[in-house]
Amino acid sequence: MTTWEPQPDGLNQIITLLKQSQSTDNAIQRAVQMKLEELNQYPDFNNYLIYVLTKLKTQDEPTRSLSGLILKNNIRIHGTHLQPAIIEYIKQECLQALGDPSPLIRATVGILITTIANKGSLQSWPELLPTLCDMLDSQEYSVCEGAFGALQKICEDSADTLDSAALNRPLNIMIPKFLQFFRHSSPKIRSHAIACINQFIINRTQALMLHIDTFIENLFHLSSDEDREVRKNVCRGLVMLLEVRMDRLMPHMNNIIEYMLVRTQDPDETALEACEFWLSLAEQSICKEVLTPHLNRLAPVLVRGMRYSDIDIIILKGDVEEDEMIPDREEDIKPRFHKSRTHTQKAGSMGAQDTGARAMEGNEEEEDMDDPYDDMDDDSNLSDWNLRKCSAAALDVLANVFKDDFLPILLPILKETLFHQEWQVKESGILALGAIAEGCMNGMTPHLPELIPYLISCLSDKKALVRAITCWTLSRYAHWVVSQPHDQYLKPLMEELLKRILDANKRVQEAACSAFATLEEEACTELVPYLGFILKTLVFAFGKYQHKNLLILYDAIGTLADSVGVHLNKPEYISMLMPPLIQKWNMLKDEDKDLFPLLECLSSVATALQSGFLPYCEPVYRRCISLIQQTLNQDLASTASPGQYELPDKDFMIVALDLLSGLAEGLDGHIESLVVSSNIMQLLYQCMQDSMPEVRQSSFALLGDLTKACFQHVHPFIADFLPILGQNLNPEYISVCNNATWAIGEISIKLREDTKTYIPLVLTQLIDIINNPNTPKTLLENTAITIGRLGLVCPLEVAPSLQQFVRQWCSSLRNIRDNEEKDSAFRGMCQMITVNPVGVVPDFIFFCDAAASWMNPKTDLHEMLQKILHGFKTQVGDENWSRFVEQFPQQLSERLTVMYSI
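Here the structure is a predicted model, which means the values were calculated and not measured. Along each chain, residue indices are assigned from 1 in the same order as the chain's sequence is written. Whole-chain, interface and lining totals are the exception, using all residues; otherwise, since this is a predicted model, local features are given only for residues with pLDDT of at least 70 and side-chain atom pairs are given and counted only at 80 or more. For the side-chain quantities, the full set of heavy atoms in the structure was used; hydrogens and water were omitted.

1. Overview of the overall build of the protein chain
Strands here are runs of E lasting at least two residues and helices are runs of H or I lasting at least four, both read from the DSSP assignment and numbered beginning at the N terminus. In terms of regular secondary structure, the protein chain is built from 48 helices and 2 strands. Here the globule rule reads 2.2 Å times residues to the power 0.38, and the radius of gyration is calculated from C-alpha atoms. Computed over C-alpha atoms, the radius of gyration of the protein chain comes to 33 Å, within 12% of the 29 Å expected from 2.2 N^0.38 for 902 residues, which places it in the range of a compact globule. Over its C-alpha atoms, taken along the principal directions, the protein chain stretches across nearly 95 × 65 × 60 Å. Burial classes: relative accessible area under 20% of the type maximum marks a residue as buried, over 50% as exposed, and values in between as partly exposed (1.4 Å probe, protein chains only). Scored against the burial criterion, the 902 residues of the protein chain give a buried share of 57%. Within the protein chain, counting contacts between residues at least 6 apart in sequence, those at least 24 apart form 75% of the total. We call two residues contacting when some pair of their heavy atoms lies within 4.5 Å.

2. Remarks on helix α39 (residues 734–751)
An α-helical turn contains 3.6 residues, so a residue and the one three or four places further along point in the same direction. What a helix should span is 1.5 Å times the count of its residues minus one. Taking 1.5 Å as the rise per residue, α39 with 18 residues should run 26 Å; its terminal C-alpha atoms sit 26 Å apart, in good agreement. Among the 18 residues in α39, 16 count as buried, and that is most of the element. Just past α39, the residue Arg752 takes up positive phi, approximately 50°.

3. Let's talk about the packing of helix α27 (residues 490–501) against helix α29 (residues 531–544)
Here an angle of 0 to 180 degrees is reported between the N-to-C directions of two axes, which are lines fitted to C-alpha atoms, with helices fitted over the stretch in contact. Relative orientation of the contacting elements α27 and α29 amounts to 15°, with a least axis distance of 9 Å. If you check the angle between α27 and α29, you find them roughly parallel. The hand of the α27/α29 crossing is left-handed. Within the contact between the two elements, α27 uses Met494, Glu495, Leu498 and Ile501 and α29 uses Phe533, Ile534, Thr537, Leu538 and Ala541. Tallied by class, residues from the contact of α27 with α29 come to 7 nonpolar, 1 polar and 1 charged. Working definition: roughly parallel below 35 degrees, roughly antiparallel above 145 degrees, roughly perpendicular at 65 to 115 degrees, and oblique for all remaining angles. Each crossing is labelled by how the near helix is turned from the far one, with a counterclockwise turn of less than a right angle marking it left-handed and a clockwise turn marking it right-handed. Any residue that is not Ala, Val, Leu, Ile, Met, Phe, Trp, Tyr, Cys, Pro, Asp, Glu, Lys or Arg is counted as polar, Gly included; the first ten are nonpolar and the last four charged.

4. Considering the confidence of the model for the protein chain
Averaged over the protein chain, the pLDDT score is 88; the fraction of residues at 70 or greater is 93%. pLDDT is a per-residue confidence score from the predictor, ranging from 0 to 100. In the model, residues 348–370 has pLDDT below 50 throughout and makes 64 contacts with residues more than four positions away in sequence or in other chains.

5. Here's the deal with unusual backbone geometry
Even without being glycine, Lys403 reaches a positive phi, approximately 50°. Within the fold, Lys403 resides in the loop between α20 (387–402) and α21 (407–418). On the accessibility criterion, Lys403 (42% relative accessible area) is partly exposed. A positive phi angle is found at Ser901, which is not glycine, with a value near 40°. With respect to the helices, strands and loops of the structure, Ser901 is situated in the segment after α48 (890–900).

6. As for the side chain of Thr115
Tracing the sequence through the fold places Thr115 in helix α6 (residues 103–120). Any pair of N or O atoms that falls within 3.5 Å is considered a polar contact. Within protein, one atom must be able to donate a hydrogen and the other to accept it, and sequence-neighbouring residues count only if both atoms are side-chain atoms. Of note is the side chain of Thr115, whose polar atom sits 2.7 Å from the backbone oxygen of Ile111. Excluding residues that lie within four positions of it along the chain, Thr115 makes contacts with Lys72, Ile75 and Arg76.

7. Thoughts on the pattern of salt bridges
By definition here, a salt bridge exists when the distance from a side-chain nitrogen of Lys or Arg to a carboxyl oxygen of Asp or Glu is within 4 Å. Taken as a whole and judged by the stated rule, the model has 40 salt bridges. Glu145 is the salt-bridge partner of Arg106, the closest N and O atoms lying 2.7 Å from each other. Here Arg106, found in helix α6, pairs with Glu145, found in helix α8 (residues 141–162); they are 39 residues apart in sequence, far enough to count as distant. Arg623 is the salt-bridge partner of Asp590, the closest N and O atoms lying 2.9 Å from each other. Here Asp590, found in the loop between α31 (571–587) and α32 (595–609), pairs with Arg623, found in helix α33 (residues 614–640); they are 33 residues apart in sequence, far enough to count as distant.

8. Re the packing of aromatic side chains
To pair, rings of Phe, Tyr and Trp, with the six-membered ring standing in for Trp, must have centres within 6.5 Å; the planes then decide the type, stacked if under 30 degrees apart, edge-to-face if over 60, and tilted in the middle. Overall, the coordinates contain 21 aromatic pairs when judged by the stated rule. Pairing Tyr685 with Phe721 gives two aromatic rings, centres 6.3 Å apart and planes at 25°, and the pair type is stacked. Of this pair, Tyr685 sits in helix α36 (residues 680–687) while Phe721 sits in helix α38 (residues 718–727), placing them 36 residues apart in sequence. Looking at Phe721, the relative accessible area reads 0%, which means it is buried.

9. Looking at the environment of Leu763
Structurally, the position occupied by Leu763 is in helix α40 (residues 759–771). Classification of Leu763 by relative accessible area gives buried; the value is 8%. Separated by 164 residues in sequence, Leu763 and Leu599 place their C-alpha atoms 36 Å apart. Discounting chain neighbours no more than four positions away, the residues touching Leu763 are Glu797, Val798 and Ser801.

Written out as structure tokens, the structure reads:
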């Protein structure tokens, strides 16, 4: 045993520091922080800290606990540099102090133990788990509880390591041991035991699966437990078992549902754990079958759970109606994530014309993954996920499972809540109506002509929280509103929403801005007649908004520009919109993260305004170049000397690349003079090789846009760029691969026959991608277009491989609208078929189908397609042709006859 004794002076000095650090005065706090940093120079400083925590029983508990937490941080930061003897001393003291009579001290020691175990790995403390498991058998409550508390933290932090061969699979002993404590007389111990085992459900840990029946049986036994924490952990376990061992729960499903119905109505946090059960159940295939008999009891419970509690209302300052003059606290502003640009195709619809796809923002592989309930009532003071949001999300997923069959149960509840006198009840009804919008849209449609005007009237309710949720619910029905005659719903809705954007309450402003952005996406150019009116409101809001809502306002303006496009390019609109944006742009420093939403917004505006943006483009362009340059320099510095320079925030570079893409797309040839006088190509070369996928993704989008706008400046670098593009055709990074593919296609169109040298660098990978069954739709379409374009400029090089891709090529391009990209790709296909007609024969029906997907191809393309179709018919002879056509769906043969007279 190591013995170590503190010096009285040293001890007193540390106790004084610990006392001072509990002061609320910031200056004292800072002085203490500096002093603690200094003391870290002395190796035995940590011995003093553990001594205060474990031995100094005369001191008050908060001071002792604080000593342990400071030690924890030291170990986390400097753990690897501490002398082994000191670590050994700390370990031994921890194990002895786990049975301290004070729960606070036991918990602190537990945190310390798991920090040491995490820092040094469990392997380097072999006696830890056996010692803790032995302590569980102690007759002394505090020893047993302290050891269990520590074990629970270890199970939470190291579930994977515990199940590894490296430690000799301790779970084979630990899990049966934990199960023995499910019936312990102390609720605290029962709760620890369940919480420990719960950590191993999701990974289907073998040691637990062996005892799964005992575990479930014991969970059921505890379902009637009096203790809140125990019930919470029982609910949590059942929710996870639903995903992992449905087979074992099935025989008891009715009882479990009954149990969860009761628990969802508990007055404490257990209700939230239980409510997760419905979210989880909705994802199981058996949901409809097992839940149908209980639905009429579940629905009212969920709607009830959606009400704001009295405490929520106090926290949300629900009785403060006007707060627009109160500045936001910085900590209330959530970090925003920039979505890099991705190049996508627009889906075809009969008669839809499109001028060509553009690089879109947002990653295709995460199709709309934003949880609508995250932003529903965004407030940093309300815990991010609560019973209200969980109940609303559960109602939403269940509406998607049961669809309109849910309505006979829901409609009476909605009628009762929506028109209720108490505003809390009315508010929950409006939220419920929004939650079911997606799942029950069909069945709700007949009720919308009376509900939408009612909701529009609720936008002027006297309670701010009612106005806010009404904005959200109306946005969930925006699609229907836009499909009706405008004067009936769209116009009144827009007028009221614009008033709410200028509401005196910040929460309402935020909800209205988000709802308006959704409306813009649905209405697109339908908004053009109202543009002046909309801009007036949005620009007025600029002068009115506090910090947090300003960031959402940028998004509403960017979405407006995306939705109305070139219609924004009118002098009177530009003179309203640009001055406030440029004023904010000039105010923000280069390291201010508020630049992200502003740059995103400007990117959309530049693309929409096209030549209208010319007067503003030079300072914007220069600053983007400088942001990229600064980020790259900082990245180099921090790589060269890791300790001295911080890692840069690469989002600055990504957002700047995306704004340059927006400029290139909007200004087209006009960007030439800016490109010529900058080092953009050198910067692009570096960005294309960055380790971060999002940086590469945005740089390939920019490369494609610059290729379209001013190829003469890209041309000299092609030999350096194309190998990098070829290396990035890796579908593991979907958006990177997608943009690289698109850029290769754009470059080939400009390089013409000079593309020949580079075909070996890219063709094999493109053919692999188009044939991979897991390739997402967007990437398939872009890959097909690029292969077509390569075939257009180098038919002799690509046509020999025709058989390897023609079928997938035809299937993926039949669904996109007529546009320039589709046009060039089909010309390429016609060239390749001319070079290698045999390659298409086995899949000719697919080619016929693709040819029929055109609405109105250009005359010469139409002739090419017709020539191939008639050539094939002549080649096989009339009799074989009619046998061939018999396999066609009727619609296809009719379409071919009409379009290509065959």
